[in-house]
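A structural walkthrough
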Amino acid sequence: MTTFFQLFVAGLALGCIYALVALGFTIIYRASQVINFSQGAFLLVGAYLVSWFSLDRSYPFAVAALLALAITALIGVIFQVLVLRFTVGQPVFTVVMITIGLNIALEGSVPALFGSTQRSIGDPWGSSSVSLGSVVVNWDSVWTIGVTLLILAGFFAFNRFSRYGLAMRATAMDEEAAMAVGLPTRRVHALAWGLAGAVATVGGFFLAGFPNSLTPTSDAIALRAFPAIILGGLDSPLGAVVGGVTIGLVEELTAGYQPNNAAWLGTNFYAVAPYIVMILVLLVKPYGLFGRRPAERV
Amino acid sequence: MPAWLTPRRIATVLAAAVLLVFPFLVDAFWLNTAAFIVIYAIGALGLNVLTGLTGQVSLGHAFFLGAGAYTAAVLGGTYHVMALWWILAAGIVAAICGAIIGPTALRLRGLYLAVVTIGIVFIGQHIFTNVTWLSGGPPGRAIPTPQFGLAFTCPAEGCALNFDQPQNVGGLTFDKNGMFYYLALLILVLGMLYVRNLLRTRPGRALQAVRERELAASLMGVDLFRWKVSAFVISSFLAGVSGALLGSLVSYVQPDFWSLILSIQFVAAMIVGGAGTIWGPLLGSIVIFGLEPVMQKYAQSLPLLAHGSGGGIPVSSATHILYGVAIVVFLVVEPLGVIGLARRAGRVLQRRRIAAAPAAAA
C-alpha cells in the first residue's frame, strides 16, 4: 500500500502540472478556438527566467517567480496584439501553425539566451522532503499541489465573479454577440494570452523542481498534456483540471506497476499510457468528458 | 498571344523544365538537398489529400512514413526484394495502417482529431522502439538503397541498376543523389497528376464537400465513412512511399526519427505551400525542408553566430529562431501560402494586361 500512496502523491503532483498546462490551453481555446502549440515554449521560457533571476541575479525566489510571470504574460499579450490580431478570420490551422512557428522560435531562443546546460530552478525548498507515516513526500510536490489548488481557485473565482471573467465567458460563447453588446473582445483575447503565459510559467517552475532540472527540452511536457485537455474537453477549465490529474495519476501508476506486472508492453510504456487512455475515452465521448457538443446547422 | 498559352500553362512548363534539368546545374550539396525535398514533397502531397482536400487535420503523418520505411527495411534488407516491390509494399502497408486508423476520424472533428493523431505518433514511436525485429530498437536499423532489376529479388551482389553505383546514360553520369532525385520526381509527378484528376472528378468533389461542411455533405448523400477512410488510405500510401525513400536516402534511421516534429514539418509544408492545391506541397516542401540545410550551410557567414569555439548564438538555435519567425511572418502576411502569393502576382499581371488592352486597341 505504501508504494501505492507514494505513486499516488507523485501522480497528483505531476497531474497538477498537467492541469496548469491544460488550463493554459483551455483559456486560449475558449478565447480564440485554436490550440496554442506554443504553450510548451511559454513554460520553458518562464522556468528559465525564474532560474536566471533567482540564481544568476540572486533575487529572492518570490521576486524571481513574479518577474518571470510578468514577462511571460507580457510575451503572450504582445504576441496576441502584434501577430494574432491580424489572423482573425483565417483558417484555424493557419493560426495553429503560427503558434507552432512561435514555439519553434521561442524554443530556439532558450539555448541562445541561457545556454544549453542543465540548470536548477533555484527554489528554496530544494530536495527536502516530509514523511507522512511510511510515505515520503517531496516539499516540491506539496508546493505544487498547494499552489495549483490556489491558482485554480483564483481562476475559477475570476472567471465566475469578475467583470473580465464574465467578458471572457461571453466571448467564448459567441464572439460576435459579445462584440455587438460592446464587450472589449480584443482586450479579452490579449488577457487570455497573458493569463495562459503566466499559468504556463507556474507549471514550468514546478516541473523543473526536484528531482527534475531544467533543460532546453523540458517543454516536451506540453505534448504530454494534450491527452489532459482532450480528456476533459477543449473548452472546459474544470475538464482541464480533471483531465490533468487523471493523466498524471495514470502516468505515475503505470510507471510504478507496469514494468513488473505487464513487461510485454515494452519499456517506457508509461509515456504512451495517457494517449491510450485518451483514445479510449474519445471513442466513447468524442468531445471529452466535459466538452460541449456544438450544435450543427446546415 | 494564342489563347491556349495561359500564364498557368507557361508557369507549369517552366517549372517542369527547371525540375528536369536542375541536377545538372548544381553541386552535390544542392542535389542532395533537392532529392530530400522531392521525397518530402511526396509525403506532403499525401497529407494534402487528407488535410488540404478533405479537411481532416492529421499530425500523425510521421507514423505512416515510419511504417513505410520499416516495410522497406524488412522486404529490401532482410529478404532482398527488388526496389520497385518494396516501394509499392511500403505504400500499401502504410495505406492499410491508414485504413485501420481512418475510422476514428468519423467520430472526431477538427482539433480533437489533430490531437488523437499526435497520440498515433507517440504510440507508433513506442512500437518502433520496442519491436526490435522491425526497427532494430533504439540503436536503429539500416534501410537498403534501391536496386532495380528484372527479377523479383536482388541478390547480395546487386541488380542491374544499383543506386550505390554511379550510372552512365548517353554520356550523362547519375550519382546516388541524382538517381534518388529522378526516382522521387517521377513518383511525385505521378502523384500530382493523380491529385489533379482527383480534384476534378466525383470522388474529389465528395472529399471537398466533406471539408467544406461535413453535415451538409452527408445530407446530400456523400458517404462519410467511405470518403474519410479513402482520404486516409491515399494519404498514407503516399506517406509510406515517401518514408521508404526517405529512410533509404538517410540509409540508417532510429525510431525517434519518426517524431511529432516531422509531422509538424509536413503540416507546415502543406500550409506554407498552399493547402488543397496541386503545386502547394512541392512549393511548401522547398521552403520548409530546404531552409534548414541551407541555413546550416551558410551559418558561417551570418553575424552573431558561434564560430568554432567562440561565443555567440549556437547555429542550431539560430536556425530554429529564423525558421519559427519565418513561418509566423509568412502566414500572417499570406495565409494562403506560396500559391496565394503566386495568385496575387497573377492577378496583378492580369490587371496590367486589361489596363493595357484598350490602349493597344486604340
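As a reminder, the structure under discussion sits directly above these lines.
This structure is a prediction, so every number in the text was calculated from the model and none was measured. (Residues numbered from 1 in each chain as written. Chains lettered and ligands numbered in written order. Predicted model: local features only at pLDDT ≥ 70, side-chain atom pairs only at ≥ 80, totals over all residues.)

Counting its regular elements, chain B contains 15 helices and 6 strands. Over its C-alpha atoms chain B spans a radius of gyration of 22 Å, differing by no more than 12% from the 21 Å that the globule rule assigns to 362 residues. Dimensions of chain B along its principal axes, counting C-alpha atoms only, are 75 × 55 × 50 Å. Evaluated residue by residue, chain B yields a buried proportion of 49% over its 362 residues. (Helix = DSSP H or I, 4+ residues; strand = E, 2+ residues; numbered from the N terminus. Rg over C-alpha atoms; globule rule 2.2 N^0.38 Å. Buried ≥ 20, exposed ≤ 12 C-beta atoms within 10 Å, placed from the backbone.)

Although it is not a glycine, A:N268 sits at a positive phi angle of roughly 55°. Along the chain, the position of A:N268 falls in the loop between α11 (237-261) and α12 (273-284). Residue class for A:N268 comes out partly exposed when judged on the 16 C-beta atoms lying within 10 Å of it. Backbone geometry places B:S251, a non-glycine residue, at a positive phi of 80°.

Here we take up the environment of B:G98. Residues and elements named next belong to chain B. Note on placement: G98 falls in helix α4 (residues 83-101). Assessed through the 28 C-beta atoms surrounding it within 10 Å, G98 is described here as buried. For the pair G98 and T33, spaced 65 residues apart in sequence, the C-alpha separation works out to 29 Å. Look past the residues within four positions of G98 in its chain and what remains in contact with it is F64, F232, V233, S235 and S236. (Contact = placed C-beta atoms within 7 Å.)

A common way to report how large an interface is uses the accessible area buried once the components associate. Across the contact, 37 residues belong to chain B and 38 residues belong to chain A. Elements represented by at least two residues in the side of chain B that touches chain A include exactly α6 (110-130), α10 (214-219), α12 (260-273) and α14 (315-333) of chain B.

Turning our eyes to something else, we now look at α11(A). Residues separated by three or four positions in an α-helix point in the same direction, a consequence of the helix having 3.6 residues per turn. Between its first and last C-alpha, α11(A) extends 35 Å over 25 residues, near the 36 Å set by a 1.5 Å rise per residue. Its maximal kink placed at A:A255, α11(A) deviates by approximately 35°, while the proline A:P259 follows within four residues. (Expected span 1.5 Å × (residues − 1). Bend = angle between axes of the 7 residues up to and from the residue.)

So, on to the pairing of strand β2 (residues 135-138) of chain A. Judged from the 4 bridges that link them, strand β1 (residues 129-132) of chain A and β2(A) form a sheet pairing that is antiparallel. Residue pairing for β2(A): A:S131 is matched across the bridge by A:V136. (Pairing = 2+ DSSP bridges.)

What follows deals with α12(A). Between the first and last C-alpha of α12(A) there are 17 Å, a value that for 12 residues agrees with the 16 Å anticipated at 1.5 Å per step. Among all positions in α12(A), only A:A273, A:P274, A:Y275, A:M278 and A:L282 are buried. Next to the buried residues of α12(A) lie α9 (220-224), α10 (226-232) and α11 of chain A together with α6 of chain B.

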